[in-house]
6 protein chains.
Amino acid sequence: MKISARNQLRGKVKKVNTGSVNSEVIVELAPGIEITSIITKASAEDMDIKPGNEVYAVIKASNVILGVDH
Amino acid sequence: MKISARNQLRGKVKKVNTGSVNSEVIVELAPGIEITSIITKASAEDMDIKPGNEVYAVIKASNVILGVDH
Amino acid sequence: MKISARNQLRGKVKKVNTGSVNSEVIVELAPGIEITSIITKASAEDMDIKPGNEVYAVIKASNVILGVDH
Amino acid sequence: MKISARNQLRGKVKKVNTGSVNSEVIVELAPGIEITSIITKASAEDMDIKPGNEVYAVIKASNVILGVDH
Amino acid sequence: MKISARNQLRGKVKKVNTGSVNSEVIVELAPGIEITSIITKASAEDMDIKPGNEVYAVIKASNVILGVDH
Amino acid sequence: MKISARNQLRGKVKKVNTGSVNSEVIVELAPGIEITSIITKASAEDMDIKPGNEVYAVIKASNVILGVDH
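The structure displayed is predicted, hence computed values, not measured ones.

Caption draft 1: Molecular detail of the overall build of chain A. Helix and strand counts for chain A stand at one helix and six strands. When the helices and strands of chain A are read in sequence order from the N terminus, they spell out β-β-β-β-α-β-β. Relative to its 70 residues, chain A shows a buried fraction of 61%. Considering only contacts in chain A between residues 6 or more positions apart, those separated by 24 or more positions represent 43%.

Caption draft 2: Geometry of the pairing of strand β6 (residues 65-68) of chain C. Here β6(C) shows a buried face lined by C:I65 and C:G67 and a second buried face lined by C:L66 and C:V68. In this sheet, strand β5 (residues 54-59) of chain D lies alongside β6(C) in antiparallel orientation, the contact comprising three bridges. Paired with C:I65 across the bridge in β5(D) is D:V58. As paired strands, β6(C) and strand β1 (residues 2-3) of chain E are joined by two bridges and run antiparallel to one another. Along β1(E), the bridge assignment pairs C:G67 with E:I3.

Caption draft 3: Up close: the relation of the copies chain E and chain F. Superposing chain E onto chain F takes a rotation of 180 degrees plus a shift of 0.0 Å along the axis, which leaves an RMSD of 0.0 Å. Considering both components of the superposition, the chain copies are consistent with a two-fold axis. Using C-alpha coordinates, one finds that chain E approaches the rotation axis most closely at E:N63, a distance of 3.3 Å. Looking at chain E, 100% of its interface residues are interface residues in chain F too, so the copies touch through the same face.

Caption draft 4: The arrangement of the interface of chain B and chain A in detail. Tallying the contact residues gives 33 residues for chain B and 33 residues for chain A. Summing both sides of the interface, chain B and chain A together bury roughly 2,800 Å²; the carbon and sulfur share of this comes to 64%. Seen at the junction of chain B and chain A, the total is zero salt bridges. Between the two partners, chain B and chain A, sit 12 residue pairs in polar contact (both at pLDDT 80 or more). Mapped onto the side of chain B that touches chain A, the elements with two or more residues apiece are β2 (7-18), β3 (22-30), β4 (33-40), β5 (54-59) and β6 (65-68) of chain B. Its residues assigned to classes, the side of chain B that touches chain A shows 21 nonpolar, six polar and six charged.

Caption draft 5: Seen up close, the interface of chain E and chain F. With 33 residues of chain E at the interface, the matching set in chain F holds 33 residues. In total, chain E and chain F occlude about 2,900 Å² of area from one another, counting both sides; carbon and sulfur atoms represent 64% of this. It is E:Y56, E:L66 and E:V68 in chain E that bury the most area against chain F; as a group they hold 21% of the surface buried on that side. Joining chain E to chain F, the criterion identifies zero salt bridges. On inspection of chain E and its partner chain F, the count reaches 12 residue pairs in polar contact (both at pLDDT 80 or more). Those elements giving two or more residues to the side of chain E that touches chain F turn out to be β2 (7-18), β3 (22-30), β4 (33-40), β5 (54-59) and β6 (65-68) of chain E. In terms of residue count, β4(E) provides more of the side of chain E that touches chain F than any other element does, seven residues in total. Looking at the side of chain E that touches chain F residue by residue, the classes come out as 21 nonpolar, six polar and six charged.

Caption draft 6: Looking closely at the sheet that holds strand β6 (residues 65-68) of chain F. Taken together, six strands build an open sheet; the order of strands is β1(D)-β6(F)-β5(E)-β2(E)-β3(E)-β4(E) and the sheet is antiparallel. Either end of the sheet is taken by a strand with one partner, and the two such strands are β1 (2-3) of chain D together with β4 of chain E. Where β2(E) lies against β3(E), six bridges are found, and the strand directions are antiparallel. Bridging from a neighbouring strand, E:K15 pairs with E:I26 of β3(E).

Caption draft 7: Region of interest: the pairing of β5(B). Residues and elements named next belong to chain B. For β5, a buried count of five out of six residues is recorded, marking the element as mostly surrounded by other parts of the structure. Two elements, β2 and β5, share six bridges in a ladder whose sense is antiparallel. When the sheet's bridge partners are listed, Q8 is paired in β5 with V58.

Caption draft 8: Seen up close, the pattern of salt bridges. Residues and elements named next belong to chain A. Tallying each qualifying case throughout the model produces 18 salt bridges over all chains. Across the pair K14 and E34 runs a salt bridge, and its minimum N-O distance is 2.4 Å. Residue K14 is found in strand β2 (residues 7-18), and its partner E34 is found in strand β4 (residues 33-40); the two are separated by 20 residues along the sequence. On the accessibility criterion, K14 (46% relative accessible area) is partly exposed.

The rules we used
Residues numbered from 1 in each chain as written. Chains lettered and ligands numbered in written order. Predicted model: local features only at pLDDT ≥ 70, side-chain atom pairs only at ≥ 80, totals over all residues. Heavy atoms only, no water. Helix = DSSP H or I, 4+ residues; strand = E, 2+ residues; numbered from the N terminus. Buried < 20%, exposed > 50% of the residue type's maximum accessible area, 1.4 Å probe, protein only. Contact = heavy atoms within 4.5 Å. Pairing = 2+ DSSP bridges. Least-squares fit on C-alpha atoms with pLDDT ≥ 70 in both. Buried area = accessible area lost by both parts, 1.4 Å probe. Salt bridge = Lys/Arg side-chain N within 4 Å of Asp/Glu carboxyl O. Polar contact = N/O pair within 3.5 Å; in protein donor to acceptor, adjacent residues only side chain to side chain. Nonpolar A, V, L, I, M, F, W, Y, C, P; charged D, E, K, R; others polar.

Everything listed here is a matter of geometry and, on its own, says nothing about what the molecule does.
Structure below.
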């Protein structure tokens, strides 16, 4: 499936923390650039999300806030 | 301000497309890794968002979807 | 790409309203069940979103609010 | 209350999975069309969300991503 | 309709800026406490959103980021 | 960091409920005006979120839904 989210960043799963309903997944996009995702535990299992696997971090542009120093 | 969003990725503004209410801002995190943000035009002006400026792309972990090939 | 969003509802594009930065897309999931999406105009063009085309409405479970009468 | 979210889809609760802070609620919109919501456990209790009850799945249009095959 | 969003803050519309697809609505919750909402222009018209009208700002708890000074 | 989210409301932490992956944080903006946030437990710990501390509730304008009575 091709999707409308502007942001589809390729990376590798670094760590998975599993809760009762949700899982926290840390993805490395490049050395030193990591992104964290919270998805349902059910989705993480369906997609076989585990350390080392290649994934895409998909983010809708309207969910990206910008910050500046100062 | 220090904020709770897990994801605060440093980058440089590459392009800004301004609409009537919103602006689309393209940020380069690293060579070949870009992230697009839609923020209000008023915010973009307040923060002086323009090409070349350093910014952070801030994303709540619950807004990051994961995708896998196949 | 297979994605982690729990909700991937198949439908048909019914109408597209194009703005300066965003487009509003109305998708019919079944007779009488419609869902509206706002995506960037750039995404709508990349994906050739137009009336009659088959699409999926993809929604992260954490973005679905529940309501009850009363 | 009448709300601004474009998407207010009527359905019936099919299943509830309760975690420590959040609950996952599966709603059937029509035969074969289901939508999953993650809400706080406190909200699920306040609203008496349980299988068989009628609910609305409420989604802001800016939170609906579109996907296409290929 | 009673809804699951934890946050339903009563206020008064202070200003509306109308774009081509979206409208920006500024709501005063209390003297000096304002909240800004972006909704579709179609929703703003359906709900007769205009200065002086009483509204609720409805926000899902998972969409609230926390910040601290330093 | 100065951020693009239009809504940055100052308040005081009233209560924290800690789950396995997420924490629910209740913030008092003014007497009788509370806002609830769900953030990752890791963020809550990093930021030392506990009752009595001053925080900002940060919300992107596109995540604020409006409601009206009737």
